[in-house]
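Chain by chain, the residues run as shown.
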Amino acid sequence: MSRPSIAEISALTADLAALRQNHTSAEYAALMDRKADLLERIARHTPGDTGAAEVARLAREHADSLKSTD
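Let me sum up the structure you'll find in this document. (Residues numbered from 1 in each chain as written. Predicted model: local features only at pLDDT ≥ 70, side-chain atom pairs only at ≥ 80, totals over all residues. Heavy atoms only, no water.)

**Focus on the packing of helix 2 (residues 25-44) against helix 3 (residues 50-67)**
So, point 1. Contact pair helix 2 / helix 3: the axes reach a minimum separation of 8 Å and the direction vectors enclose 155 degrees. Taken together, helix 2 and helix 3 sit at an angle that is classed as roughly antiparallel. Here helix 2 runs over helix 3; the crossing is left-handed. Between helix 2, through Tyr28, Ala29, Met32, Asp33, Ala36, Asp37, Leu39, Glu40 and Ala43, and helix 3, the contact on the second element is made entirely by Ala52, Ala53, Val55, Ala56, Ala59, Arg60, His62, Ala63, Leu66 and Lys67.
So, point 2. Partitioning the contact of helix 2 with helix 3 into residue classes produces 13 nonpolar, one polar and five charged. (Axes fitted to C-alpha atoms, helices over the stretch in contact; angles between N-to-C directions. Helix = DSSP H or I, 4+ residues; strand = E, 2+ residues; numbered from the N terminus. Parallel < 35°, antiparallel > 145°, perpendicular 65-115°, else oblique. Left-handed = near helix turned anticlockwise from the far one by under 90°. Contact = heavy atoms within 4.5 Å. Nonpolar A, V, L, I, M, F, W, Y, C, P; charged D, E, K, R; others polar.)

Shown next, in the form of structure tokens:
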């Protein structure tokens, strides 16, 4: 996986804000999957940071749980 960019983080933040206004469960699930991917990439590029790894793990669990409800 490539190192996450500031532009990707900014785009995700903007999409999260927009989603609060009007969203469907499918859009929310897709956005949570993007969030988990980004956090996993951040954790991979910060070896030894157990906090980042835990946040990424929890985000992935949440995103995966949303997929199973489709």
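After presenting the structure, the write-up continues.
**Here's the deal with the pattern of salt bridges**
So, point 1. Following the criterion strictly, the structure yields ten salt bridges and no others.
So, point 2. Among the salt bridges present, the one from Asp33 reaches Arg60, with a minimum N-O distance of 2.6 Å. You can see Asp33 sitting in helix 2 and its partner Arg60 sitting in helix 3, a full 27 residues away along the chain.
So, point 3. Overall, Arg60 belongs to the buried group, its relative accessible area being 15%. (Salt bridge = Lys/Arg side-chain N within 4 Å of Asp/Glu carboxyl O. Buried < 20%, exposed > 50% of the residue type's maximum accessible area, 1.4 Å probe, protein only.)

**A word on helix 2**
So, point 1. End to end, helix 2 covers 28 Å across 20 residues, agreeing with the expected 28 Å (1.5 Å per residue, within 8%).
So, point 2. Turning to helix 2, its buried residues number three or more, namely Ala29, Leu31, Met32, Ala36, Leu38, Glu40, Arg41 and Ala43.
So, point 3. Looking at the buried residues of helix 2, the elements they touch are helix 1 (6-21) and helix 3. (Expected span 1.5 Å × (residues − 1).)

**Remarks on the side chain of Arg60**
So, point 1. A polar side-chain atom of Arg60 sits 2.5 Å from a polar atom in the side chain of Asp37.
So, point 2. Leaving out residues up to four positions away in the same chain, Arg60 has contacts with Asp33, Ala36, Asp37, Glu40 and Lys67. (Polar contact = N/O pair within 3.5 Å; in protein donor to acceptor, adjacent residues only side chain to side chain.)

**Observations concerning the environment of Ile42**
So, point 1. As for its position among the elements, Ile42 is in helix 2.
So, point 2. On a C-alpha basis, the gap between Ile42 and Ser5 in space is 9.5 Å, while along the polypeptide they are 37 residues apart.
So, point 3. Those residues in contact with Ile42, other than ones at most four positions away along the chain, are Pro4 and Ile9.

**Let's talk about the environment of Ala52**
So, point 1. Take Ala52: it is sitting in helix 3.
So, point 2. As for Ala52 and Ile42, which are separated by ten residues in sequence, their C-alpha atoms are 7.4 Å apart.
So, point 3. The residues contacting Ala52, other than those within four sequence positions of it, are Ala43 and Thr46.

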